[in-house]
Amino acid sequence: MTDKQAQPTMELSLNTATIREQWELDQAIQGCVRHGVRAIAPWRDQLQKLGVSETVKMIADHGLRVSSLCRGGFFTADAKLNMDDNYQAVDEARALGADCLVLVVGGLVSGTSDMAYARRQVADGLATLSEYARDQGVRLALEPMHPMYAADRGCINTLKQALDLCEQLSGDVGVAIDTYHVWWDPDLTRQIQRAGAASRIFAFHCADWLVPTEMIFGDRGMPGDGVIDLKRIYQMVLAAGYEGCCEIEIFSTNWWRRDPDEVLRTCVQRYQRVV
Ligand code: ZN
């Protein structure tokens, strides 16, 4: 083994959002195998379409690791309905043996403009769900979102906020660090160290920030096409003791129009070169 190989690295994982417009989950699993990608992060709509037991079997047959299941959360929407769905998400993550269940917490409560209220709803929902998840042995990963999503997707917007919340909870709750959401944060270095010291980094997502960004949703960049110092963040997360995978997760109308094999090939090449 050379010195270079002895450096700690993360296993590359395909977050299936990257090719979700082209491939169903079974095709994505086969795509990973073809391209030598040994981990996958499925989304629940596709999981349910293929069926949980069929997915578990396929993933086991191919020896893939499930780096996360995306996603639960949305605690600020209809509480009762969403909690049932969240319990089901925990069950699915458990069946898959996923490293964690990623939570997108939800934005403003419909008809209100009270961020503090939304954040309290999230804390309450999370407290309930974390007890269930702990009993099931499933780790929950809060994903802080870029502030442009605060209204409609996620009112937890910095790593600090997410970690403060984790500390109030009793279960196995940590964070999903997504370069796209956190790269701009002046407190990033310190918060990654804090997350690592508490063993709370459960997932790492990678996408680049394009300049200009044409739209709020669906214009994320392939690593290397934008302005984020991905290598630096990757190294910080590794140095903080993270031992999970690096998921390439690109919501992009541009890449969704391309041949999915080309997309996956590009992900693998860019991961090696840029990250
Ligand atoms: Zn993400």
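Below, the structure is looked at part by part. As a convention, each chain's residues are numbered from 1 in the sequence order in which they are written. It should be noted that, the model being predicted, local features are given only for residues of pLDDT at least 70 and side-chain atom pairs only at 80 or more, the latter also being counted only at that level, while totals for whole chains, interfaces and linings use all residues. Side-chain numbers come from the whole structure's heavy atoms, not from hydrogens or water.

## Some details on the overall build of the chain
Looking only at helices and strands, one finds twelve helices and nine strands in the chain. Over its C-alpha trace the chain gives a radius of gyration of 18 Å, about what one expects of a compact globule, namely 19 Å for 275 residues. Three labels apply to residues, based on accessible area from a 1.4 Å probe with only protein chains included: buried if under 20% of the type maximum, exposed if over 50%, partly exposed otherwise in between. A burial count over the chain gives 56% of its 275 residues as buried. In what follows, a contact means two residues having at least one pair of non-hydrogen atoms within 4.5 Å. Intrachain contacts of the chain at a sequence separation of at least 6 include 79% that bridge at least 24 residues. Secondary structure follows DSSP: runs of H or I at least 4 residues long count as helices, runs of E at least 2 residues long count as strands, and numbering of each begins at the N terminus. All radius of gyration figures rest on C-alpha atoms, and the globule criterion is 2.2 Å times the number of residues raised to 0.38.

## Examining the packing of helix α4 (residues 52–61) against helix α5 (residues 79–96)
It is at 9 Å that the axes of α4 and α5 come closest, and there the two elements cross at 30°. Relative to α5, the element α4 lies roughly parallel. With respect to the hand of their crossing, α4 and α5 are arranged in right-handed fashion. In contact with V52, T55, V56 and I59 of α4, α5 contributes E92, A95 and L96. A class-by-class count of the residues in the contact of α4 with α5 yields five nonpolar, one polar and one charged. Angles here are taken between N-to-C directions and fall from 0 to 180 degrees, while the axes themselves are lines fitted to C-alpha atoms, restricted in helices to the stretch in contact. We call two directions roughly parallel when the angle between them is under 35 degrees, roughly antiparallel when it is over 145, roughly perpendicular when it lies between 65 and 115, and oblique otherwise. In this scheme the crossing of two helices becomes right-handed for a clockwise turn of the near helix relative to the far one and left-handed for an anticlockwise turn of less than a right angle. In this count, Pro and Cys sit with the nonpolar residues alongside Ala, Val, Leu, Ile, Met, Phe, Trp and Tyr, while Asp, Glu, Lys and Arg are called charged and the others, Gly among them, polar.

## Section: helix α10 (residues 230–239)
Those residues of α10 lying buried are L230, I233, Y234, M236, V237 and L238. On its buried face, α10 is in contact with β7 (173–178), α8 (179–182), α9 (188–197), β8 (201–206), β9 (246–248) and α12 (260–273). Looking one or two places after α10, you find G241, whose phi comes out positive at around 100°.

## A few points about the nonpolar core
We define the nonpolar core as a collection of buried residues of types Ala, Val, Leu, Ile, Met, Phe, Trp, Tyr and Cys that are connected through side-chain atoms lying within 4.5 Å of one another. Within the largest apolar cluster, 82 residues are counted, with the highest numbers of intra-cluster contacts made by M10, L101, I177, I192, F204 and V237. If sequence neighbours within four positions are ignored, V237 has contacts with M10, I177, I192, I201, F204 and Y242. Judged by nonpolar contacts, the second largest core, of eleven residues, contains C100, V102, A141 and F251.

## So, unusual backbone geometry
Note that the residue after C70, namely R71, is joined by a cis bond; omega there is -10°. Relative to the assigned elements, R71 resides in strand β4 (residues 69–73). Looking along the chain, the bond that leaves V211 and enters P212 is cis, with omega of -5°. Looking at where P212 falls in the secondary structure, it is placed in the loop between β8 and α10. In this model, F74 sits at a positive phi of 45°, which is unusual for a non-glycine residue. You can see F74 is positioned in the loop between β4 and α5. Backbone geometry at S199 places phi at a positive 50°, although glycine is not the residue there.

## Here we look at the coordination of the zinc ion
Geometry reference: four tetrahedral donors at a metal, ideal angle 109.5 degrees. Six octahedral donors, ideal angles 90 or 180 degrees. Here a donor is an N, O or S atom found within 2.8 Å of the metal, or within 3.2 Å if the metal is Na, K or Ca; sites may look incomplete because water is not among the atoms. Bound to the zinc ion are the protein donor atoms E143 (OE), D178 (OD), H205 (ND1) and E249 (OE), situated 2.1 to 2.2 Å from the metal. Here a site with four donors is tetrahedral if all angles are between 85 and 135 degrees, and a site with four or six donors is square planar or octahedral if opposite donors are over 155 degrees apart and the other angles are between 65 and 115; anything else gets the irregular label. Around the zinc ion sit four donor atoms, and with donor-metal-donor angles ranging over 84 to 162° the site reads as irregular. Read in sequence order, the donor residues coordinating the zinc ion give the pattern E-x34-D-x26-H-x43-E. Placement of the pair is E143 in the loop between β6 (140–142) and α7 (159–168) and E249 in the loop between β9 and α11 (253–256), with a sequence separation of 106 residues.

## Observations regarding the packing of aromatic side chains
Each aromatic pair joins two rings of Phe, Tyr and Trp (for Trp, the six-membered one) with centres within 6.5 Å, and gets the label stacked for planes under 30 degrees apart, edge-to-face for over 60, and tilted for any other angle. Inspection of the entire model under this criterion finds eight aromatic pairs. A centroid spacing of 6.2 Å and a plane angle of 75° characterise the contact between Y234 and Y271, whose relative ring orientation is edge-to-face. A residue pair is termed long-range when its members are at least 10 positions apart, and Y234 in helix α10 and Y271 in helix α12 qualify at 37 residues. A relative accessible area of 11% means that Y271 is categorised as buried. Taken together, the ring pairs in this structure connect W43, F217, F251 and W256 into an aromatic cluster. By the criterion adopted, a ring carries a charge over it if an Arg CZ or a Lys NZ lies within 6 Å of its centre and within 35 degrees of its normal. Above the plane of the ring of W255 lies R258, whose end atom (NZ or CZ) is 4.0 Å from the centre.

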